[in-house]
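Structural overview
Each chain, written out:
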Amino acid sequence: MAVVIIINKRKVINLRMANKKNKVLIVYHSFAHYRAAVVEALASSKQYDFVFCSSAKSYDPSIKLMNFSDDIAFENAELSFWGPFIFQKNLKNIISREDYKAVIFLGNPYILSYWIPTITLRLKGVAVLFWTHGWLNSKDAFLKRTLRNVFYRLSDGLLLYGNRAKRLGLEYGFRDEEMFVISNSLDFTKMREIFLRVKQYSKVEIRDELNIPQTSRVLICSARLIESCRFDLLIESAAKLIEQGHDAYVLLIGDGVAKESLIKLAEQLSVPLKITGACYDEELIGKYFYSADVAVSPGKVGLSVIHSFTYETPMITNDNFDVQGPEYEAIIPDETGDFFKESDVSDLTRAIDKWLRHTSKPEHQVGQKCVERVEHHFSPSVQCREIENAIEKVLS
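Just so it is clear, the model here is predicted, and its values are computed rather than measured.

**Comments concerning the overall build of the protein chain**
In terms of regular secondary structure, the protein chain is built from 15 helices and 15 strands. Considering only C-alpha atoms, the protein chain reaches an extent of 90 × 55 × 35 Å along its principal axes. Among the 396 residues that make up the protein chain, the fraction classed as buried is 52%. Within the protein chain, counting contacts between residues at least 6 apart in sequence, those at least 24 apart form 67% of the total.

**Points about the pattern of salt bridges**
Within this structure, the stated rule accounts for 23 salt bridges. Taking the shortest distance from any N to any O, the salt bridge between Arg 197 and Glu 283 comes out at 3.0 Å. Taken together, the residues span a long stretch of sequence, with Arg 197 in helix 7 (residues 188-198) and Glu 283 in helix 11 (residues 282-290) at a distance of 86 residues. In this structure Arg 197 comes out as partly exposed when scored by relative accessible area, which is 39%. A salt bridge links Glu 209 to Lys 287, with the nearest nitrogen and oxygen atoms 2.7 Å apart. On the criterion of sequence distance, the pair formed by Glu 209 in helix 8 (residues 203-210) and Lys 287 in helix 11 is long-range, its members being 78 residues apart.

**What to know about helix 7**
Along helix 7, the residues classified as buried are Phe 188, Met 191, Arg 192, Ile 194, Phe 195 and Val 198. In a view along the axis of helix 7, the buried residues occupy a sector of 160°, so they form one face of it.

**Description of the packing of helix 7 against helix 11**
Closest axis-to-axis distance for the helix 7/helix 11 pair is 9 Å, and the angle between their directions is 60°. Viewed along their axes, helix 7 and helix 11 adopt a mutual orientation that is oblique. In this structure, the crossing between helix 7 and helix 11 has a hand that is right-handed. Between helix 7, through Met 191, Ile 194, Phe 195, Arg 197 and Val 198, and helix 11, the contact on the second element is made entirely by Glu 282, Glu 283, Gly 286, Lys 287 and Tyr 290. Classifying every residue of the contact of helix 7 with helix 11 by side-chain character gives 5 nonpolar, 1 polar and 4 charged.

**Structural notes on the sheet that holds strand 1 (residues 22-27)**
Taken together, 7 strands build an open sheet; the order of strands is 3-2-1-6-7-8-9 and the sheet is parallel. Pairing within the sheet leaves two strands with one partner each, and these edge strands are strand 3 (74-76) and strand 9 (179-181). Each strand of the sheet is rotated relative to its neighbour by a mean of 20°, with strand direction disregarded. Both strand 1 and strand 2 (residues 48-54) contribute to a ladder of 6 bridges, which runs parallel. Of the residues in strand 2, the one forming a bridge with Ile 26 is Phe 52. Contacts between helix 6 (residues 163-171) and the sheet are confined to strand 8 (157-160) and strand 9, with strand 9 contributing the most and set at about 165° to the helix.

**Thoughts on the confidence of the model for the protein chain**
Mean pLDDT for the protein chain: 92, with 94% of residues reaching 70 or above. In this model, residues 1-18 is a region of pLDDT below 50 whose contacts with residues beyond four sequence positions or in other chains number 0 contacts.

**Topic: helix 15 (residues 380-395)**
Taking 1.5 Å as the rise per residue, helix 15 with 16 residues should run 22 Å; its terminal C-alpha atoms sit 22 Å apart, in good agreement. All buried positions along helix 15 are accounted for by Pro 380, Val 382, Gln 383, Cys 384, Ile 387, Glu 388, Ala 390 and Ile 391.

**Quick word on the pairing of strand 2**
Of all the 7 residues making up strand 2, 6 are buried; the element is thus mostly covered by neighbouring parts of the structure. Each parallel crossover has a hand, and for strand 1 linked through helix 2 (residues 36-43) to strand 2 it is right-handed. Both strand 2 and strand 3 contribute to a ladder of 3 bridges, which runs parallel. By the bridge assignment, Phe 52 is partnered in strand 3 with Phe 74.

**Points about the sheet that holds strand 14 (residues 315-318)**
With parallel pairing, the 6 strands of this open sheet are ordered in space as 12-11-10-13-14-15. Taken across any chain shown, the strands that pair with only one partner, and hence form the sheet edges, are strand 12 (273-275) and strand 15 (337-340). Shown here is a sheet whose adjacent strand axes are inclined to one another by a mean of 25°, direction ignored. Docked against the sheet, helix 10 (residues 259-269) engages strand 11 (248-253) and strand 12, running at close to 165° with respect to strand 12. Along the sheet, helix 11 contacts strand 10 (217-222), strand 11 and strand 12; its crossing angle with strand 11, the most-contacted strand, is approximately 160°.

Conventions and cut-offs
- Residues numbered from 1 in each chain as written.
- Predicted model: local features only at pLDDT ≥ 70, side-chain atom pairs only at ≥ 80, totals over all residues.
- Heavy atoms only, no water.
- Helix = DSSP H or I, 4+ residues; strand = E, 2+ residues; numbered from the N terminus.
- Buried < 20%, exposed > 50% of the residue type's maximum accessible area, 1.4 Å probe, protein only.
- Contact = heavy atoms within 4.5 Å.
- Salt bridge = Lys/Arg side-chain N within 4 Å of Asp/Glu carboxyl O.
- Arc of directions from axis to C-beta.
- Axes fitted to C-alpha atoms, helices over the stretch in contact; angles between N-to-C directions.
- Parallel < 35°, antiparallel > 145°, perpendicular 65-115°, else oblique.
- Left-handed = near helix turned anticlockwise from the far one by under 90°.
- Nonpolar A, V, L, I, M, F, W, Y, C, P; charged D, E, K, R; others polar.
- Pairing = 2+ DSSP bridges.
- pLDDT = per-residue confidence, 0-100.
- Expected span 1.5 Å × (residues − 1).
- Right-handed = clockwise from strand over helix to strand, strands pointing away.

Below, the structure is given as structure tokens:
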């Protein structure tokens with residue numbers, strides 16, 4: 001009987017070991033509110049036991065942080081700043097508390113506290129990945145590019161946001177098998193649920209609620225109002241569209257340093273302009289997009305593309321990919337949006353005019369194409385799966 005008990009205990013222990021998931025630590029400077037969905041997806045992983053580490057204070061005061069629920073493992077590591085460099089405190093103790101099989105650091109070479117732990121972890125046989133935009137600008141200064149490349153080579157692999165970054169990495173001598181495209185995402189499921197509720201009402205009802213003229217062709221963008229977004233070009237283009245007979249109306253969801261100059265320019269050119277200010281109410285944002293005809297970001301784009309597509313709105317932006325966020329890759333010309341010649345108001349006007357005519361056709365299913373593009377390539381579930389696959393490959 002005693003022998004049987006011992007055997008059974010061993011079976012129980014072996015079963016527990018078989019069911020035990022490898023622990024993975026993800027270290028960020030701070031987790032912005034728009035990271036919540038992918039963090040929750042990773043926390044629910046059946047393959048790995050993820051622990052998240054960041055500062056409880058935002059790296060950028062203008063960006064709202066996500067709230068970690070009690071059922072998500074979280075470690076607090078505060079930040080300190082030395083000019084352009086960042087130091088994240090207490091990382092050594094946090095890393096040593098658990099038997100992590102892999103650690104994922106934000107791939108920022110200016111966070112000095114990631115350099116030495118990366119080296120020591122790899123010497124101990126722990127896999128290290130960097131979660132990063134990677135290379136965005138093919139014309140980066142030599143010193144900046146060299147610093148980034150030296151830092152990246154410390155890791156076992158890179159989790160990249162886009163395919164262009166991977167192509168540039170190949171040019172710089174990085175191997176295909178050490179670069180993994182994971183894309184980027186917002187809370188696709190929640191946003192779709194919100195938008196489907198909004199669509200139960202007619203556009204006439206929603207525009208009345210939002211005080212948007214019924215006859216207007218609404219040009220929308222959700223982004224911080226900063227110079228690099230070049231919303232001045234959008235207002236100038238709207239003025240030309242009005243001259244051509246379009247009842248153009250510019251709707252900007254956001255706030256920022258460029259707000260007053262944009263208001264002044266719109267007044268000078270007699271362009272109807274509505275600036276909502278910073279808004280985190282997705283139901284209200286969904287209503288604004290439902291009221292819109294096309295999204296336009298004349299300068300750089302990022303997650304604003306994913307935001308627009310999830311709310312069934314095509315996006316137009318410029319064709320200089322050195323200034324773009326990697327999310328521009330979601331745009332397929334003539335299907336989910338378009339590109340215009342950078343800084344060229346006439347070409348921007350042409351692109352908007354084309355899409356205003358395009359989306360006015362009742363048989364055109366551009367909204368569904370936008371949604372499918374996000375669902376299949378830029379959703380939290382896809383991003384989580386690609387991260388899990390990358391970890392599996394570096395551990396094998």
